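# Analysis of the macromolecular model
Listed below, chain by chain, are the residues.
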Amino acid sequence: MRSFLVLLDGKNKGRLTEDLLQRHAQHLAKLHREGCLQLCGPLAERAGAMLVFRCKTAEEAEHLVRMDPFIQERYYVSYEVIEFMEANEENNWSLN
């Protein structure tokens, strides 16, 4: 599996409803149960958010983002999918 950072940007606060928030949370919960979503949350210093996915391909990560109600309803107007090499204990913090 590969790791992908997704940056959501351009928050459109006027589009947020309780229903949209609930559907977004359900989407995240489903992805977490399936083992795709590793980490997510809003950014503290700007009007955006981030997600970390574990997927086989960049296309799969892109699909997961496009299925998010926050993207479908343009609560966030743009996003970027960035593959990264995870450094962890298993790979000796990228020394292996």
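Right above here is the structure, for reference.
Cut-offs used in this document
Residues numbered from 1 in each chain as written. Predicted model: local features only at pLDDT ≥ 70, side-chain atom pairs only at ≥ 80, totals over all residues. Heavy atoms only, no water. Helix = DSSP H or I, 4+ residues; strand = E, 2+ residues; numbered from the N terminus. Buried < 20%, exposed > 50% of the residue type's maximum accessible area, 1.4 Å probe, protein only. Areas by Shrake-Rupley, 256 points an atom, 1.4 Å probe, with all protein chains shown as cover. Lys, Arg positive; Asp, Glu negative; His and termini not counted. Charge placed at Lys NZ, Arg CZ, Asp CG, Glu CD. Core = buried A, V, L, I, M, F, W, Y, C linked by side-chain atoms within 4.5 Å. Contact = heavy atoms within 4.5 Å. Phe/Tyr/Trp six-rings, centres within 6.5 Å; stacked < 30°, edge-to-face > 60°. Pairing = 2+ DSSP bridges. Axes fitted to C-alpha atoms, helices over the stretch in contact; angles between N-to-C directions.

Looking only at helices and strands, the chain features 3 helices and 4 strands. Expressed as lengths along the three principal axes of its C-alpha atoms, the size of the chain is roughly 45 × 30 × 20 Å. Across the 96 residues of the chain, 30% fall into the buried class. Entry remark: accessible area of the chain is about 6,300 Å², with carbon and sulfur atoms responsible for 52%. The average position of the 12 basic charges and that of the 15 acidic charges among the side chains of the chain differ by 5 Å.

With that settled, the discussion passes to the nonpolar core. The biggest cluster of nonpolar side chains holds 19 residues, and the ones touching the most others in it are Leu 8, Leu 51, Phe 53 and Tyr 76. Taken together, the elements giving at least two residues each to this core come down to strand E1 (2–11), helix H1 (18–33), strand E3 (49–55), helix H2 (58–66) and helix H3 (69–72). Take this core: its biggest share by element is 4 residues, from E3. Not counting residues up to four positions away in its chain, the partners in contact with Phe 53 are Arg 2, Ser 3, Phe 4, Val 6, Leu 31, Cys 36, Leu 37, Ala 61, Leu 64 and Val 65.

This paragraph deals with unusual backbone geometry. Residues other than glycine seldom take positive phi values, yet Asn 92 does so here, at roughly 55°. Position of Asn 92 relative to the elements: it lies in the segment after strand E4 (76–84). The exposure class of Asn 92 is partly exposed, given its relative accessible area of 35%.

A separate point is the packing of aromatic side chains. Under the definition given, this model contains 3 aromatic pairs. Relative to Tyr 75, the ring of Phe 70 has its centre 4.5 Å away and its plane inclined at 50°; by these criteria the two rings are tilted. The structure contains a cluster of three or more aromatic residues connected by ring pairs, namely Phe 70, Tyr 75 and Tyr 76.

With that settled, the discussion passes to the sheet that holds E4. Pairing is antiparallel across the open sheet formed by 4 strands, whose spatial order is E2-E3-E1-E4. Among the strands making up the open sheet, the edge pair consists of strand E2 (37–42) and E4. With direction set aside, neighbouring strand axes in the sheet form an average angle of 20°. Direction of pairing for E2 relative to E3: antiparallel, over a ladder of 5 bridges. Its bridge partner being in E3, Pro 42 is matched across the sheet by Ala 49.

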